[in-house]
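# Structural overview for review
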Amino acid sequence: MQNEFSLPYENMPSLRRPEGRLAILYDQLTSPKKAVQALSERRPYGLAFFVIALSVLSRVTAGLISPSCAGTFGGVSLFVLLCMGQLIITLVFIVIAASVYHFAATNEDKLGDVRVLFLLIAVCFLPDIFLAPVAILTNGLPFGAGMAVFAGVGVGLWVWIFVLQIVAVKNYYEISGGRSFLAVILPFILMGVLVFGFFLMVFAYIMISMKNILG
Amino acid sequence: MKKTFFMTLILILCVGAIVIGIMLLKKEGMRPRESSFDRLAKVFEGKFAKFEPAVGPSVGLVRVFGAITFKESQGLFEAYPRGALRVIRELERLRDNKNVKAIVIQINSPGGTVGSVQEICHQIKLAQEAGKKVVASVADMAFSGGYYIASACDEIVANPGSLTGSIGVIIVGADLQRLFDMIGIRFNVIKSGEHKDIMAYWRDMTEEERNLLQTLIMDCYQQFVSAVSQGRNIPIDELLPLADGRIFSGTQALDKRLVDSLGTLEDAINRAGELAGISGRPNVIRPTVEPFERFFRFLDAKFGKTPSLTDMVAGEFDSPIQYRANLGPAEAAFVYPTRSGR
């Protein structure tokens, strides 16, 4: 029975009963706003790790069998190595991203738990699970077309994940879309600058070495 | 309930794709990549053969360019198999591809090391045993080891101005003893046997060593001549006068039956199609150069130095020491000693 003390979500028929975890994942793909609400209430950290693990597996599998792959040197051993590497990179990225988003959002005097944000960002990687089937399907196409389709789908999924992150930050901290976009893009800019700086250093080192070797 | 059902379906699809991908990788191991449909068919031993791409009967193209050797790249950035290893892998891949009915090997090589050339010839034989027709197409040159490979094919097509022949074996070493004496360098050599430092650059060769190497060279030479004789169906008596290391133009080689016809790569592809019974213009499966490999090759071309065996024989090095160091100990080669052909 609804009264003046009822919480707003209790009026929403679909959220009266806690939904199953699979239903939350489905919502994450179809109506992320609803999924953000459910995730922030239930805090299923196990589900977040499941999504990360699945997305890493899918990404690495797709990377090794896609038309753009440089060759399957190493087979399964390389697969395991890449999975471990990707898992570490993804977790580090999520921790950094969650911290930066949280920092950006709390600067706006918005309250929130950084652990929930960690969970929300982790679940945002869910669309990555489609990479493996796409990689297998595009391998049947001629080389150029396969590469083009795979790259197109890859970019599409990346954009989808990016949008999911913006939706997560926007709805969790209840800030505007523009501010959440800025909060989400900031770590990418930071990482870009770091990576560019790293490659610049490596390139400079190679050029100096070349000069010494070739005289 | 509906959501759970759909999400379960999605997860089953994606997890299934991951499992199939891992199975493909497990089956694939270190071999070069093929389309996942081809690999999937192999994993299930033909049960899923219907997934093979419908390209129809095709002619596979393999390129043997530059010096033929197993030698690891000395480039700074090159991280991919090249030379003989690459050719062998491509031949294996084409042999396993049911759509490939014939193979054209385009050769533009001054020759190579004995072992690598014989390995490639073995792969050609395996392809022939698997029912594929193999045609060689000579581009600029197919000297020595390059011609050895061509002679293992069912037919050879050469341009009128292509250069071929140079049937023979060569081994090169430098004697720098006098140079080292001049600048006051002496080597202390501790060896387990008399001939352990055969062809060492710090001393002249003894007569016995010369005879040993001559025997080795003649043994390889006999293998070469008998392989050409068998492959080309020319009696050894007829072949020997041509097998003194001389080179021939395409036209001359046709007169001497060292090639079967004059023509371009396209003619060779059409001929291979004809031999395999493919009607019309055959579909050609060209060697794929992966984007990363292309990138590394570019880097290597820009910054690295990958000397070919021909460079080594011709001495395209800054110093005699570097030249000898790169040649390796007593390396016999089917090679035409020129700097061209890279």
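Residues numbered from 1 in each chain as written. Chains lettered and ligands numbered in written order. Predicted model: local features only at pLDDT ≥ 70, side-chain atom pairs only at ≥ 80, totals over all residues. Heavy atoms only, no water.

## Notes on the pattern of salt bridges
Charged atoms that come close allow side chains of opposite charge to pair. With the rule as written, the count across this model stands at 11 salt bridges over all chains. Bridged by salt links that share partners, the residues Lys191, Asp197, Arg203 and Glu209 of chain B form one connected network. (Salt bridge = Lys/Arg side-chain N within 4 Å of Asp/Glu carboxyl O.)

## Some words on helix H2 (residues 32-42) of chain A
Those residues of H2 of chain A lying buried are Pro32, Ala35, Val36, Ala38, Leu39 and Ser40 of chain A. Note on H2 of chain A: the residue one or two positions beyond its end, arginine 43 of chain A, has a positive phi of about 50°. (Buried < 20%, exposed > 50% of the residue type's maximum accessible area, 1.4 Å probe, protein only. Helix = DSSP H or I, 4+ residues; strand = E, 2+ residues; numbered from the N terminus.)

## Brief notes about the packing of aromatic side chains
Taken as a whole, this structure holds 15 aromatic pairs over all chains when the rule is applied. Taken together, a centroid distance of 5.0 Å and an interplanar angle of 75° make the contact between tyrosine 172 of chain A and tyrosine 173 of chain A edge-to-face. Accessibility classification places tyrosine 172 of chain A together with tyrosine 173 of chain A in one group, the buried group. Members of the aromatic cluster, connected to one another through ring pairs, are Phe180, Phe187, Tyr201 and Trp202 of chain B. (Phe/Tyr/Trp six-rings, centres within 6.5 Å; stacked < 30°, edge-to-face > 60°.)

## Concerning the pairing of strand E1 (residues 58-65) of chain B
Residues and elements named next belong to chain B. Along E1, 6 of the 8 residues are buried, which leaves the element largely enclosed by surrounding structure. Sheet topology note: the E1/strand E2 (residues 100-109) ladder contains 8 bridges and is parallel. Counted as the bridge partner of leucine 61 is valine 104 from E2. Relative to strand E9 (residues 283-285), E1 runs parallel, the two sharing 3 bridges. Within E9, the residue paired with glycine 60 across the bridge is isoleucine 285. (Pairing = 2+ DSSP bridges.)

## Structural notes on helix H4 (residues 114-129) of chain B
Residues and elements named next belong to chain B. Along its 16 residues, H4 runs 23 Å from first to last C-alpha, staying within 8% of the 22 Å computed at 1.5 Å per residue. Those residues of H4 that fall on the buried side of the exposure criterion are Val114, Ser116, Val117, Ile120, Cys121, Gln123, Ile124 and Ala127. Just downstream of H4, glycine 131 is the residue with a positive phi angle, here 90°. (Expected span 1.5 Å × (residues − 1).)

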